[in-house]
Amino acid sequence: MKPRALNEKTNHKVLFVSNVVAHVKAFHIPYMKWFCEQGWDVHVISNAGEEDELPYCKRLYNIPICRSPYNLRNIIAYKMAKKVISDEHYDIIHCHTPMGGIIARLASRKERKNGTKVIYTAHGFHFYKGASFINWLLFFTTEWLMARYTDVLIAINHEDYARAQKFHAKQVKYVPGIGVDVRRFSPNGNKSAIRAELGIPENSVLLLSVGELNSNKNHQAIIRALAKLKNEKLQYVVIGEGSERARLEALIIQLGLEGKIHLPGYRKNTAPIYKAADVFCLPSKREGLCVSLMEAMASGLPCIVSDIRGNRDLIMPKKGGCLFNFEQVDSIVSAIQMVASDSLLKKAMGSFNSQFVLRFSSKVAIETMKRIYWNR
């Protein structure tokens, strides 16, 4: 069934669906803004609180979509979403996150027959090289089944895009992530002021990570590598907050790295902090297409990252940085030694990244999505 023609009515409506409202705030506001500028009504379904507000959103439906596929509350969420979708008759439904995608696609089956276009963006499939058998069994099977209710399945990295070809969505598209505002992140800035604020010695080599303190982000791997290096000039800052803070703090004490590892917490504005760093580190076990890595590249930083899906799309070995095995501390040690000790190499890699990342800019991502929304 073809999508409803956009000239059939003047009051067009688009629905964004995600299981957490923070996901919408972090990634989808530019697209919501663009729809508003076209005169569309923008609605959102998410697990939101009464205090949550979204710019450019005419209606925010608080529906209790749970992250776990085993949570029975998702049955309630499905029924609530189905009623909203049936009542509103959307032109486009763009769903995100695994459970948000499942519930939205199931709930919109009838409306698809009436011309609603259903788009699902996979921000990193939960089945990937190295994932558990349970992940493959559950999530691969689910995505294979859900694809039949999908007009456009979007992958944001090349590994997922290749796998998505096996599914039976009407179209499978590659979009280079959600985009990064390259104008906000640039190599220029006051390095000394930020270092002084963070308590970093001016003559040190500053390694930086930006991301939630959780097991997947794997910050402990960089900490263990620094313990093996025993290089007094190296300092490491991790911007973020999360459930692993206590464990990381205990590990820092255990390895005798107090004063060298800094956990200053969450920062809303990270752009100045990238400018204070010398090298960006991303030791994650799993990524789709990491926004903080793109921000670091736009900031002109060389990057040492885990050799995983998504990261391989962004970092060209020996040109923009190094790829390492996140399970092997010695691999990380070698990457740090190669990049951190060579000022000319750092500069060359940073310059390469600041140009290479332009293909992942917000402008490119938004223009690509416009063509998909407009069915061109």
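Residues numbered from 1 in each chain as written. Predicted model: local features only at pLDDT ≥ 70, side-chain atom pairs only at ≥ 80, totals over all residues. Heavy atoms only, no water.

Peer 1: Sorry if this is basic, but what is going on with the packing of helix α2 (residues 29–37) against helix α16 (residues 362–373) here?
Peer 2: Pairs of packed helices are described in terms of their axes, by the angle between the two and the distance that separates them. Closest axis-to-axis distance for the α2/α16 pair is 11 Å, and the angle between their directions is 55 degrees. Taken together, the axes of α2 and α16 are oblique relative to one another. Of the two elements, α2 crosses α16, and the hand of that crossing is right-handed. Residues P30, Y31, W34 and F35 of α2 touch α16, and the partners they reach there are A365, I366, M369, K370 and Y373. Broken down by class, the residue content of the contact of α2 with α16 amounts to 8 nonpolar, no polar and 1 charged. (Axes fitted to C-alpha atoms, helices over the stretch in contact; angles between N-to-C directions. Helix = DSSP H or I, 4+ residues; strand = E, 2+ residues; numbered from the N terminus. Parallel < 35°, antiparallel > 145°, perpendicular 65-115°, else oblique. Left-handed = near helix turned anticlockwise from the far one by under 90°. Contact = heavy atoms within 4.5 Å. Nonpolar A, V, L, I, M, F, W, Y, C, P; charged D, E, K, R; others polar.)

Peer 1: Help me understand the pattern of salt bridges, please; the structure alone is not making it clear to me.
Peer 2: Charged atoms that come close allow side chains of opposite charge to pair. Using the criterion set out here, one finds 23 salt bridges in the structure. In this structure, D87 engages K83 in a salt bridge whose closest nitrogen and oxygen atoms are separated by 2.7 Å. With a gap of 4 residues between them, D87 and K83 both fall in helix α3 (residues 73–88), about one helical turn apart. Judged by relative accessible area, which is 47%, D87 ranks as partly exposed. We classify K83 as exposed; its relative accessible area is 55%. The partner of K228 in a salt bridge is D330, and the shortest N-O contact between them spans 2.6 Å. Linking K228 in helix α9 (residues 219–229) with D330 in helix α14 (residues 329–340), this pair joins segments that are 102 residues apart in sequence. We classify D330 as partly exposed; its relative accessible area is 47%. (Salt bridge = Lys/Arg side-chain N within 4 Å of Asp/Glu carboxyl O. Buried < 20%, exposed > 50% of the residue type's maximum accessible area, 1.4 Å probe, protein only.)

Peer 1: I'm lost on the nonpolar core in this one. Help?
Peer 2: Burial of nonpolar side chains together is a common tendency in soluble globular proteins. Among the nonpolar cores identified, the biggest contains 33 residues, and L208, Y274, F280, L293, M297, C303 and L314 are the most heavily contacted of them. For this core, the element with the highest residue contribution is helix α12 (residues 291–298), accounting for 5 residues. Counting 32 residues, the second-largest nonpolar core is a separate cluster that includes L15, Y90, Y120 and F139. (Core = buried A, V, L, I, M, F, W, Y, C linked by side-chain atoms within 4.5 Å.)

Peer 1: I tried to follow the side chain of K13 on my own but got confused; where do I start?
Peer 2: By the secondary structure assignment, K13 is in strand β1 (residues 13–17). Within the structure, K13 has its side chain in polar contact with the side chain of E88 (distance 2.6 Å). Setting aside chain neighbours within four positions, we find K13 in contact with W40, D41, H43, E88, H89, Y90, D91 and I92. (Polar contact = N/O pair within 3.5 Å; in protein donor to acceptor, adjacent residues only side chain to side chain.)

Peer 1: What am I meant to see in the pairing of strand β12 (residues 303–306) here?
Peer 2: Taken residue by residue, a regular strand's side chains alternate between the two faces of the sheet. Here strand β11 (residues 279–282) pairs with β12 via 3 bridges, running parallel. Considered in β12, the bridge of L282 is made with V305. You can see the chain leave β11, run along α12 and come back into β12, and the turn it takes is right-handed. Direction of pairing for β12 relative to strand β13 (residues 321–324): parallel, over a ladder of 4 bridges. Bridging across to β13, V305 finds its partner in L323. (Pairing = 2+ DSSP bridges. Right-handed = clockwise from strand over helix to strand, strands pointing away.)

Peer 1: What should I look at first to understand the packing of aromatic side chains in this one?
Peer 2: What describes a pair of aromatic rings is the distance from one ring centre to the other and the angle between the planes of the rings. Per the counting criterion, the structure on display carries 19 aromatic pairs. Each ring, one from F35 and one from W40, has its centre 5.0 Å from the other, and the planes form 50 degrees; the classification is tilted. Their ring planes at 80 degrees and their centres at 6.1 Å tell us that F127 and F167 sit as a pair that is edge-to-face. Taken together, the residues F127 in the loop between β5 (117–122) and α6 (133–146) and F167 in the loop between α7 (158–164) and β7 (171–174) connect sequence positions 40 residues apart. In this structure, F127 and F167 share a single accessibility class: buried. Aromatic ring contacts, followed pair by pair, group F16, W34, F35, W40, Y373 and W374 into a single cluster. (Phe/Tyr/Trp six-rings, centres within 6.5 Å; stacked < 30°, edge-to-face > 60°.)

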